Amino acid sequence: MSNLRIFAVNQKKISSLHYFNNMCSSKIRASLKRLKLHVLLGRNYSSLPDVDDGDTVTDFMAQERERGITIQSAAVTFDWKGYRINLIDTPGHVDFTLEVERCLRVLDGAVAVFDASAGVEAQTLTVWRQADKHKVPRICFLNKMDKIGASFNYAVESIREKLKAKPLLLQLPIGEGKAFKGVVDVVRTEKLLWNPNSDDGKDFERKPLLEMSDPKLLKETTEARNALIEQVADLDDEFADLVLGEFSENFDLLPAEKLQTAIHRVTLAQTAVPVLCGSALKNKGVQPLLDAITMYLPSPEERNYEFLQWYKGDLCALAFKVLHDKQRGPLVFMRIYSGMLKPQTAIHNINGNCTERVSRLLLPFADQHIEIPLLTAGNIALTVGLKHTATGDTIVSSRSSALAASRRAKREGEKKQKENNEAERLLLAGVEIPEPVFFCTIEPPSMAKQPDLDHALKCLQREDPSLKVKLDPDSGQTVLCGMGELHIEIIHDRIKREYGLETYLGPLQVAYREAILNSIRATDTLDRTLGDKRHLVTVELEAKPVETSSLLPVIEYAASVAGDLSQASREAFENGVHSACLQGPLLGSPVQDVAVTLHSLVIHPGTSTTMISACVSRCLQKALKKADKQILEPLMNLEVTVSREYLSPVLADLAQRRGNIQEIQSRQDNKVVIGYVPLAEIMGYSTVLRTLTSGSATFALELSNYQAMNPQDQSTLLSQRHGLS
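Residues numbered from 1 in each chain as written. Predicted model: local features only at pLDDT ≥ 70, side-chain atom pairs only at ≥ 80, totals over all residues. Heavy atoms only, no water.

Some details on the overall build of the chain
Consideration 1: Looking only at helices and strands, the chain has 20 helices and 37 strands in total.
Consideration 2: Expressed as a percentage of its 725 residues, the buried residues of the chain come to 53%.
Consideration 3: Considering only contacts within the chain whose residues lie at least 6 apart along the sequence, 71% involve residues at least 24 apart.
Consideration 4: With the model as given, the accessible surface of the chain reaches about 32,300 Å², and the carbon-plus-sulfur share is 50%. (Helix = DSSP H or I, 4+ residues; strand = E, 2+ residues; numbered from the N terminus. Buried < 20%, exposed > 50% of the residue type's maximum accessible area, 1.4 Å probe, protein only. Contact = heavy atoms within 4.5 Å. Areas by Shrake-Rupley, 256 points an atom, 1.4 Å probe, with all protein chains shown as cover.)

Let's talk about the pairing of strand E10 (residues 182-185)
Consideration 1: Residues Gly182 and Val184 of E10 are buried on one face, and the alternating residues Val183 and Asp185, pointing to the opposite face, are buried as well.
Consideration 2: Where strand E9 (residues 171-174) meets E10, four bridges bridge the pair, whose relative direction is antiparallel. Paired with glutamine 171 across the two strands is aspartate 185, which belongs to E10.
Consideration 3: Across four bridges, E10 lies against strand E11 (residues 190-194) in antiparallel orientation. Bridged to aspartate 185 within E11 is glutamate 190.
Consideration 4: Hairpin connection, E10 to E11: the antiparallel pair is bridged by four residues, and threonine 189 has positive phi, about 55 degrees. (Pairing = 2+ DSSP bridges.)

Some thoughts on the pattern of salt bridges
Consideration 1: Inspection of the entire model under this criterion finds 28 salt bridges.
Consideration 2: In this structure, aspartate 108 and arginine 303 form a salt bridge, with 3.8 Å as the shortest nitrogen-oxygen distance. With aspartate 108 in the loop between helix H2 (97-104) and strand E6 (110-115) and arginine 303 in the loop between helix H8 (286-296) and helix H9 (308-311), the pair connects residues that are 195 residues apart, well separated along the chain. Across the pair, exposure class does not vary: aspartate 108 and arginine 303 are buried alike.
Consideration 3: Taking the shortest distance from any N to any O, the salt bridge between lysine 144 and aspartate 115 comes out at 3.8 Å. You can see lysine 144 sitting in the loop between strand E7 (138-143) and helix H4 (152-162) and its partner aspartate 115 sitting in strand E6, a full 29 residues away along the chain.
Consideration 4: Residue class for aspartate 115 comes out buried when judged on its relative accessible area of 0%.
Consideration 5: The network of salt bridges with common partners includes Glu633, Arg658, Glu681 and Asp713. (Salt bridge = Lys/Arg side-chain N within 4 Å of Asp/Glu carboxyl O.)

Re helix H13 (residues 485-499)
Consideration 1: If you check H13, its first and last C-alpha atoms are 21 Å apart, about what 15 residues at 1.5 Å a residue would give, namely 21 Å.
Consideration 2: Looking at H13, one finds that the buried residues are Leu486, His487, Ile488, Ile490, Ile491, Asp493, Arg494 and Ile495.
Consideration 3: Downstream of H13 by one or two residues, glycine 500 has phi in the positive range, about 65 degrees. (Expected span 1.5 Å × (residues − 1).)

Looking at the sheet that holds strand E12 (residues 204-208)
Consideration 1: Sheet architecture is open: four strands sit in the order E9-E10-E11-E12, paired in antiparallel fashion. Among the strands making up the open sheet, the edge pair consists of E9 and E12. Between one strand and the next, the sheet's axes are offset by a mean angle of 25 degrees, whatever the strand orientation.
Consideration 2: The sheet contacts of helix H5 (residues 215-235) involve E9 and E10, and relative to E9 the element is tilted by about 160 degrees. (Axes fitted to C-alpha atoms, helices over the stretch in contact; angles between N-to-C directions.)

As for the UniProt feature "binding site: GTP" (unreviewed entry) in the chain
Consideration 1: Listed under "binding site: GTP" (unreviewed entry) in the UniProt record, and renumbered for this structure, are Asp89, Thr90, Pro91, Gly92, His93, Asn143, Lys144, Met145 and Asp146.
Consideration 2: Excluding residues that lie within four positions of it along the chain, aspartate 146 makes contacts with Gly177, Lys178, Phe180, Ser279 and Leu281. (UniProt positions renumbered as here; feature names shortened; annotations may be inferred.)

A closer look at the nonpolar core
Consideration 1: By size, the foremost hydrophobic cluster in this structure holds 64 residues, and its most contacted members are Phe114, Leu142, Leu228, Val232, Phe239, Leu259 and Ile263.
Consideration 2: With seven residues, H5 is the single largest residue contributor to this core.
Consideration 3: In this structure isoleucine 263 touches Leu168, Leu170, Val187, Leu228, Val232, Pro274 and Tyr296, once residues within four positions along its chain are discounted.
Consideration 4: Counting 41 residues, the second largest nonpolar core, distinct from the first, contains Ile442, Leu457, Leu480 and Met636. (Core = buried A, V, L, I, M, F, W, Y, C linked by side-chain atoms within 4.5 Å.)

Describing the packing of helix H6 (residues 237-245) against helix H7 (residues 256-269)
What describes two packed helices is the angle between their axes and the distance between those same axes.
Consideration 1: Remark: H6 packs on H7, axes separated minimally by 9 Å, with the N-to-C direction vectors making an angle of 155 degrees. As summarised for this structure, H6 and H7 are arranged roughly antiparallel, according to the angle between their axes. Remark: the crossing between H6 and H7 carries left-handed chirality. Residue-level inspection shows Glu238, Phe239 and Leu242 of H6 in contact with H7, the latter providing Lys258, Leu259, Ala262 and Arg265.
Consideration 2: Tallied by class, the residues present in the contact of H6 with H7 amount to four nonpolar, no polar and three charged. (Parallel < 35°, antiparallel > 145°, perpendicular 65-115°, else oblique. Left-handed = near helix turned anticlockwise from the far one by under 90°. Nonpolar A, V, L, I, M, F, W, Y, C, P; charged D, E, K, R; others polar.)

As for the pairing of strand E14 (residues 316-325)
Consideration 1: In terms of burial, E14 is a largely internal element, eight of the ten residues being buried.
Consideration 2: Where E14 lies against strand E15 (residues 329-338), nine bridges are found, and the strand directions are antiparallel. From the neighbouring strand, aspartate 325 faces E15, where its bridge partner is glycine 329.
Consideration 3: Counted along the chain from E14 to the antiparallel partner E15, the turn is three residues long.
Consideration 4: Examined bridge by bridge, E14 and strand E23 (residues 394-396) share three bridges and lie antiparallel to one another.

Overview of the packing of aromatic side chains
Consideration 1: Tallying each qualifying case throughout the model produces five aromatic pairs.
Consideration 2: Their ring planes at 20 degrees and their centres at 4.9 Å tell us that tryptophan 194 and phenylalanine 204 sit as a pair that is stacked. Of the two residues, tryptophan 194 is situated in strand E11 and phenylalanine 204 in strand E12; the sequence distance between them amounts to ten residues.
Consideration 3: The class for tryptophan 194 is buried, based on a relative accessible area of 5%.
Consideration 4: The cationic tip of arginine 513 hangs over the ring face of tyrosine 706; the distance from NZ or CZ to the ring centre is 4.0 Å.
Consideration 5: Sitting over the ring of tyrosine 557, arginine 570 keeps its end group 4.5 Å from the ring centre. (Phe/Tyr/Trp six-rings, centres within 6.5 Å; stacked < 30°, edge-to-face > 60°. Lys NZ or Arg CZ within 6 Å of the ring centre and 35° of its normal.)

Considerations on the environment of lysine 625
Consideration 1: Along the chain, lysine 625 falls in helix H16 (residues 609-626).
Consideration 2: For lysine 625, a relative accessible area of 60% translates into the label exposed.
Consideration 3: For the pair lysine 625 and glycine 584, spaced 41 residues apart in sequence, the C-alpha to C-alpha distance is 8.3 Å.

Concerning the sheet that holds strand E30 (residues 520-530)
The strands making up a sheet associate through hydrogen bonds between their backbones, and the pairing can be parallel or antiparallel.
Consideration 1: Taken in spatial order, the four strands of this open sheet run E30-E31-E33-E32, and their pairing is mixed. Looking along the sheet, the strands with just one partner apiece sit at the ends: E30 and strand E32 (554-557). Between one strand and the next, the sheet's axes are offset by a mean angle of 30 degrees, whatever the strand orientation.
Consideration 2: Judged from the nine bridges that link them, strand E31 (residues 533-545) and strand E33 (residues 594-603) form a sheet pairing that is antiparallel.

If you want it as structure tokens, here you go:
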């Protein structure tokens, strides 16, 4: 079981920090902001909330406490030594990966928290890649140093090997496993020892390392400090000049402050990651971690956002999450990049091209909130009153402000000879929504409750963009599309608890796709008379497979028709192509990896564009039916961590599931099986794995790609779908 958390940091005299929970307890914490302190925060508890007891502050949903996992991200704001810290706890389970993605989008820095006994695990890699994509500077924290099997060196080596990162060891543990009692501060050559009788970790002392009392530890720390100085000097030219000039004779004379400043620069440049260690269970090492967050991670002023120059201090913010509150209505999480926001002010949504009014501003504390009079740049807060704002929307003070910024961006683009679309330059990068891999039907207890179900699903979709809802055109049933079994199970449970609806789910089905194997031409004519108007269209097109993977069809025009088509006819043709590719001829699944070329389009005067689209769609469906076809199934990356005695039955079970084993690694006393397995074969796998291994094994799944089924498996699937087996 691993932990990977990330804290994000924005620095001004107050910080903000976010925290993510990855599968296998992998967690990531993130986001610090240094800003003027407007509200003093405090909260009293009869007993200290704890992850291990299932009553942690940020896991407040009933489903989270029952399962002991994080399902939706929750924010907490607190203060540390004059810094404001916004902590966001997000899920780590692969089904809820969008929650991590949209929180990382608004972070300035992060702390990745690992299980010291496991090092880097499958979901760790996923979240690390997400942080790389958003260019978020990181610190690593090796948690659970007091756990049996914890190994500082193993965890550091796994960061170096698997994440391809350069670890900077800022601390060394004093003991490991049950013998763990504190850490050594390598930068300051000091030791920090925690009182073993203190449960909350507040009682600890900091002492300098001396030759008389700790000769062995001092020697080890001096060597580690010298190695750290050399590492940082290799990565930072300014520090290298300082070291080679004044302190080349004796590194011991180098002031800790100079080294800390250089580590800060290296962390911001993302050329290396500082590594600290401790145990969150008894809060050992947490105080130096919070100090490191404020010292090494970037402030909002140190993060360069190109778009800010166009707003000239006006409001610019990103809506990154929406919640529904029964009393307050939609609550929108907002990250302010420039300007300020006050209650009872109007804001303009660039994406939706609409103006709304913010009625109240709230500082989040999980499921409780504190009202605030002002929100300044670099901060995160909740806004009340925004009815149309969705995840990924860019918010500015007014339409005129957006137009002024657009003009500045255009002038800048002309100087640099860029031809970007004006609106695109103004929009902050939104959140990429992954495609769902599971779907099932959902039905209300009676038709009278259908409007209530539609309302519930609309609210849940706005909260969770990875949930897709569509209507089956043949049966008229509502279809839920989600990221996995757990995702759909949680949605079903939330509809029951939060909206009081006892709904019925159909069997879970895998989201297959279809592709063609050869080129095929087709011609079709549509001749209809509606009223006194004749609609006549004749279309000739060609469908052929493409090598590059693409869910959307590639649309091409033959030279003979390219110059003669009007814009309206092009749009009608493209709409028809997209419509036909939504439902393939084999399973009714989307058709991907196909290119459609228009060779001829003859339109009778007065023919509507709807009729053109209908004819094109029918013609393409005819072509797809005539072509050789295959079904593509989702293939999952699978990582199973299992003890040696249970390895054989696990491998035998995976072979029956059409699994393809890539490698088997050793991790401490366990074996890690890495491979691929079709999603259809892995449904219900957690129950089987628990049975095979007496509950000792864990596994992680992630969508790899879509792969063609072999003819025998495809034939079996089609027989099952058509009720022949």
